[in-house]
Every structure is written in structure tokens, then in C-alpha cells.
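# Observations on the three-dimensional arrangement
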Amino acid sequence: MDRFNYKFLHFLIMKVCVIKPNLMLNTDYVLYPYRVYHIRLRYRRLLGNDRILDYFAYVDCIRLGVERGDGIVVEEWDVDESKVMKDLVDEEIARREAVKSAVMWGNLRVLSWWYPKVEILKGLKAYKIFWIKDNFIFDSLSGEKFELKS
């Protein structure tokens, strides 16, 4: 009997990377999908050495928005599979949007005649936590509170 329960629980629990929350609540939650990339841009310049920039892209895998971060700060959690939202954007499209965003950001900072050499140093799937409590949803990073409407 115990062995059966263990196997049953094994299918319900999954290990995921979670973007480290600033706001922790002891309540129900949902995990929102992101793809996180560390991208290095190398710009050739006419005078002087190449200019190297590091860019951290957080790609929203539902709405396909890209946000710039200061680094990749994630934790591994064991979560109930039913708490995880399915992504609508596949990895290839997310990677393309992350590179496009990085190049646009880099072009604002470096004057160069050449397109930069782009390297993706790290890429992973991570989830942002949204806490659910008393008909409100709380963003785990910003602490913003949104009312749930029925």
C-alpha cells in the first residue's frame, strides 16, 4: 500500500526552477512560465577593443514580453503539477525574442558598424510565483496586489 501511494505522489509532484520571490506568503499559489537567458553581446569597434555586454532576459511564455534582469536568481522547488501553468510560447520563439531584445538594448549603449556576436551562455525554464489569498493575487516579485474577479 505504501509503495502504491509513493508512486502515485511521484506523478503529482514535479521539480521546477522558481524565480526567487521577494514576497513569501503561506497560502495557495500558481506558477507562471518564463524562459530565462544569459546573453553575451560582443561588439566590434573601429577604434579600441571589442565591447562586451551581458544581458539577462526574462521572457514571458504566455504573453511573449521580454524583461531585462540583473542576473539569474532561481531556486529549485518541489511543486504540485496542477499549480503549474502551461506555456503558450515555445523555446525557439522565446530565444529569438530574447536575442532581439538584447541586441536592441546593446545597440543603445554601443556605437558599432557591425552586428554584434551573440552568445547564449545559459537558458532555462523558470516560473514566477503568484500567491492567491482572500480573492486577491499577489505578485511574488513586486508585491503588487490584484483583485480576483469572478
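Residues numbered from 1 in each chain as written. Predicted model: local features only at pLDDT ≥ 70, side-chain atom pairs only at ≥ 80, totals over all residues. Heavy atoms only, no water.

## Here's the deal with the pairing of strand β4 (residues 66–69)
Applicable threshold: Strand pairing is defined by DSSP finding a minimum of two bridges between the two strands. Per the convention used, a helix needs a DSSP run of H or I reaching at least four residues, while a strand needs a run of E reaching at least two, with both numbered from the N terminus.
Of the pairings in the sheet, the one linking strand β3 (residues 51–60) to β4 comprises four bridges and is antiparallel in character. Residue V59 lies in a different strand from β4, and its bridge partner there is V66. Between the antiparallel neighbours β3 and β4 lie five residues, among them L64 with a positive phi of about 60 degrees.

## Looking at unusual backbone geometry
Here is the rule: Here the term buried applies to any residue with accessible area under 20% of the maximum for its type, exposed to any over 50%, and partly exposed to those in between, with areas from a 1.4 Å probe on protein chains only.
Of note in the backbone geometry, D134 takes a positive phi value of approximately 50 degrees without being a glycine. The topology assignment puts D134 in the loop between β6 (117–133) and β7 (136–139). D134 sits in the exposed class, given a relative accessible area of 64%. The phi angle at N135 is positive, at roughly 60 degrees, despite the residue not being glycine. Within the fold, N135 resides in the loop between β6 and β7. Its relative accessible area of 55% is what places N135 among the exposed residues.

## Concerning the environment of W131
Heads up, the condition is: Pairs of residues are marked as contacts when any of their non-hydrogen atoms sit within 4.5 Å. Distance and chemistry together define a polar contact, namely a pair of N or O atoms within 3.5 Å, with one atom able to donate a hydrogen and the other to accept it when in protein, and with adjacent residues in sequence counting only for side-chain atoms on both sides.
Secondary-structure assignment places W131 in strand β6. In this structure, the C-alpha to C-alpha distance between W131 and L23, residues 108 residues apart in sequence, is 9.0 Å. Setting aside residues up to four positions removed in sequence, W131 forms contacts with L23, M24, L25, T27, D28, Y29, W77, F136, I137, F138 and S140. A distance of 2.8 Å separates a polar atom in the side chain of W131 from the backbone oxygen of L23.

## Some points on helix α2 (residues 91–107)
Inclusion rule: Between the first and last residue of a helix there are one fewer steps than residues, each counted as 1.5 Å, and that sum is the expected span.
Helix length check: α2 (17 residues) gives 24 Å between terminal C-alpha atoms against 24 Å at 1.5 Å per residue, within 8%. Among the residues of α2, those classed as buried are A94, A98, V99, S101, A102, V103, W105 and G106. On its buried face, α2 sits against β2 (28–43), β3, β4 and β6.

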